[in-house]
Amino acid sequence: MSTSTADDRPESTDREVADGVYRFGTRRINWYVLEADDGLTVVDAGLPAHWPQLGDWLAENGYEFDDVAALVLTHADADHVGFASDLVDRNVPVYCHPDDLPLLRGQPQGAPGWFYRNLWRPGFFVYAVEMIRDGVTAVEPLADAEPLADGDVLPVPGEPRVIFAPGHTRGSCALYVENRDVLFCGDVLATRNIFTGREGDPQLLGSADEDHDEARASLTRLEGLGSVTLLPGHGNPWRGEIDAALSLAR
Ligand SMILES: [Zn+2]
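Residues numbered from 1 in each chain as written. Predicted model: local features only at pLDDT ≥ 70, side-chain atom pairs only at ≥ 80, totals over all residues. Heavy atoms only, no water.

### Focus on the nonpolar core
With 42 residues, the main nonpolar core has V33, L54 and L104 as its most contacted residues. With near-sequence residues (within four places) excluded, L104 lies in contact with L73, A76, V81, C96, P141, L142, D144 and A145. (Core = buried A, V, L, I, M, F, W, Y, C linked by side-chain atoms within 4.5 Å. Buried < 20%, exposed > 50% of the residue type's maximum accessible area, 1.4 Å probe, protein only. Contact = heavy atoms within 4.5 Å.)

### A look at empty space enclosed by the protein
Empty space among the atoms becomes visible once a probe the size of a water molecule is rolled across them. In total, this model carries 1 cavity of 30 Å³ or more according to the counting rule given. Of the residues belonging to the lining of the largest cavity, the class tally is 2 nonpolar, 4 polar and 2 charged. (1 Å grid on protein atoms, 1.4 Å probe; cavity = no way out; pocket = protein on both sides within 12 Å on 5 of 7 lines; lining within 4 Å. Points joined across faces, edges and corners; volume = space filled by probe spheres on them. Nonpolar A, V, L, I, M, F, W, Y, C, P; charged D, E, K, R; others polar.)

### Quick notes on the coordination of the zinc ion
Six octahedrally arranged donors around a metal ideally form angles of 90 or 180 degrees; four tetrahedrally arranged donors ideally form angles of 109.5 degrees. On the protein side, the zinc ion has H80 (NE2), D187 (OD) and H234 (NE2) as donor atoms, found 2.1 Å from it. Between consecutive donor residues of the zinc ion, the sequence gaps follow H-x106-D-x46-H. You can see H80 sitting in helix α2 (residues 78–81) and its partner D187 sitting in the loop between β10 (182–186) and β11 (190–192), a full 107 residues away along the chain. A single burial state applies to H80 and to D187, both of which are buried. (Donors = N, O, S within 2.8 Å, 3.2 Å for Na, K, Ca; no water. Helix = DSSP H or I, 4+ residues; strand = E, 2+ residues; numbered from the N terminus.)

### Notes on unusual backbone geometry
Between Q107 and P108 the backbone carries a cis peptide bond, its omega angle lying at -10°. Checked against the element boundaries, P108 lands in the loop between α4 (101–105) and α5 (113–117). The phi dihedral of D44 falls on the positive side, at around 70°, and the residue is not glycine. Mapped onto the elements of the fold, D44 is located in the loop between β4 (39–43) and α1 (51–60). The buried category is assigned to D44, whose relative accessible area is 2%.

### What about the sheet that holds strand β2 (residues 21–25)?
One open sheet accounts for 7 strands, arranged β1-β2-β3-β4-β5-β6-β7; its pairing is mixed. If you trace the sheet from one side to the other, it starts and ends with β1 (16–18) and β7 (146–147), each paired once. When strand β6 (residues 94–96) meets β7, the two strands line up parallel, connected through 2 bridges. Paired with Y95 across the bridge in β7 is E146. Against the sheet, α1 touches β2, β3 (30–36), β4 and β5 (68–72), its axis set at about 30° to β3. (Pairing = 2+ DSSP bridges. Axes fitted to C-alpha atoms, helices over the stretch in contact; angles between N-to-C directions.)

Laid out in structure tokens, this is it:
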């Protein structure tokens, strides 16, 4: 099912985007591996066709599937739940905020109204075609997940701290790894406009948000984290002061 081409890979051939953090997926959809002494945490699960990337990388780097200690979902939209069921089949625990359980259980999701309304945009059409090609309609539902709660430091490799930031979805969270200045922000912020395909500054997802006003209000929850490598669900890494990123997004 692997159909990736060179054009689909992130621009950089170097997967390491921060100390012990690796970027996977395509140039349009990201997921990550967080490496620590006690194993690996996968952050988000892309689309089903991305699954071979994980096995290939594990093998190339001397790891096995047993080294994957957890999958943490920033939110449960289909393009982030992708191969989660494959990890569940290998007894990997999956973490997700309870407010996104309806999305997790409701896979594969039907396309929302904004999806159809934006298909005329060339940049979005390419993204839509990629999602269908890479299995967005074949994402398997999960019955349950380990709960994420605001402020939790997760007992998984890398020990990310949960920052609840709803709006894009009801259960959207960012994950902050303080000792590496890394912020996985899911779709709380993107650096790629999913409608135009343009790479750029940190921005809100706009009409793809379930509740855009709430998404905007949630940005205050990220304030004061200082200098970060921002790793979004869509777009290239962004490095700088988080408060500057939030100003750009507002
Ligand atoms: Zn997304």
